Amino acid sequence: PDPAPSFCIVGTRGEDRPPDRVVAGEHDFVRVAAAPVAGGGGGRTLTLSPGHYVYAVPAGGAATAGAPRLVAAAALVVGDTLRDAAGDALAVTSVTPVRGVGLYNPHTVSGDLIVDGVHVSTLTTAVAPAVARSLLAPLAWAWRVGVSRSGLGGALHASVPAAVLALLPTGESH
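Bear in mind that the values here come from a model prediction, so they are computed numbers and not experimental data.

Rules and cut-offs
Residues numbered from 1 in each chain as written. Predicted model: local features only at pLDDT ≥ 70, side-chain atom pairs only at ≥ 80, totals over all residues. Heavy atoms only, no water. Helix = DSSP H or I, 4+ residues; strand = E, 2+ residues; numbered from the N terminus. Buried < 20%, exposed > 50% of the residue type's maximum accessible area, 1.4 Å probe, protein only. Pairing = 2+ DSSP bridges. Core = buried A, V, L, I, M, F, W, Y, C linked by side-chain atoms within 4.5 Å. Contact = heavy atoms within 4.5 Å. Expected span 1.5 Å × (residues − 1). Axes fitted to C-alpha atoms, helices over the stretch in contact; angles between N-to-C directions. Polar contact = N/O pair within 3.5 Å; in protein donor to acceptor, adjacent residues only side chain to side chain.

## With respect to unusual backbone geometry
So, point 1. Even without being glycine, D116 reaches a positive phi, approximately 50°.
So, point 2. Summarising the element assignment, D116 is placed in the loop between β8 (112-115) and β9 (118-124).

Given below as structure tokens:
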């Protein structure tokens, strides 16, 4: 296969979601608005599940120099700093709980996504990040050595039984 991208660009509008991955019904989400720290246009708004991790520098940190860490969307606060696709700093201006139709969360080899122009992780609080990376590592390795997507299809698209998920440690929110 083609080399795997280092990240995947995803939008939250309906046409960007593959129809086989849309979850029926309404669910809780978090809508995050952020504006460029350097000023000017280019603000971003993204909607994600409350437990979806984003890369953020906590409020009060050095927005342009601080190393981002994984923070659950629901734990973001006004003043936290995110990064856009180009790596530029975005200051969180609002965090609002919303209800909506399910969104799509692909997993990439790198574990990173660009969602509506914001750099986020594919990981969620459902499984601790170190455990999730360990579980996904064999799939990433298989992709890198040339196993086709169809060969990984069952592993990547099948649901994990709730009993298995219950055994795994969950991730922290902040």
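Having seen the model, we can carry on.
## Examining the pairing of strand β4 (residues 52-56)
So, point 1. Summarising burial for β4: five of the five residues are buried, a large majority.
So, point 2. The two faces of β4 match: H52, V54 and A56 on one face and Y53 and Y55 on the other face are all buried.
So, point 3. Bridge count for β4 against strand β5 (residues 69-72) is four bridges, and the pairing is antiparallel. Counted as the bridge partner of Y55 is L70 from β5.

## A few points about the nonpolar core
So, point 1. Judged by nonpolar contacts, the single largest core of 18 residues is most densely connected at V32, L46, L48, V54, L76, L82 and V120.
So, point 2. The dominant element in this core, judged by the number of residues it contributes, is strand β2 (residues 26-36), at three residues.
So, point 3. Once residues lying within four places of it in the same chain are set aside, the contact partners of L46 are V30, R31, V32, V115, D116, V118 and V120.
So, point 4. In terms of nonpolar packing, the next biggest core, distinct from the first, is built from seven residues, L70, A72, L123 and V127 among them.

## Describing helix α1 (residues 129-144)
So, point 1. For α1, with 16 residues, the first-to-last C-alpha span of 21 Å sits near the 22 Å given by 1.5 Å per residue.
So, point 2. P129, A132, A140 and A142 are the residues of α1 that are buried.

## Topic: the sheet that holds β2
Hydrogen bonds along the backbone pair up the strands of a sheet, which may run parallel or antiparallel.
So, point 1. If you walk across this open sheet you meet the four strands as β3-β2-β7-β6, and the pairing is antiparallel. Each edge of the sheet is formed by a strand with only one pairing partner; in this case those strands are β3 (44-48) and β6 (81-83). Along the sheet, successive strands turn relative to each other by an average axial angle of 40°, direction set aside.
So, point 2. Direction of pairing for β2 relative to β3: antiparallel, over a ladder of five bridges. Each residue of the ladder has a partner; that of V30, found in β3, is L48.

## Brief notes about the environment of A38
So, point 1. For A38, the location among the structural elements is in the loop between β2 and β3.
So, point 2. Sequence spacing of A38 and D88 is 50 residues, and the spatial spacing of their C-alpha atoms is 8.4 Å.

## Some points on the environment of A137
So, point 1. Locating A137 in the fold gives a position in helix α1.
So, point 2. Sequence-wise, A137 and S110 are 27 residues apart; in three dimensions their C-alpha atoms are separated by 9.8 Å.

## Comments concerning the side chain of T47
So, point 1. Summarising the element assignment, T47 is placed in strand β3.
So, point 2. Accessibility expressed as a relative area gives 14% for T47, which makes it buried.
So, point 3. In terms of polar contacts, T47 uses its side chain to reach the side chain of R31, at 3.2 Å.

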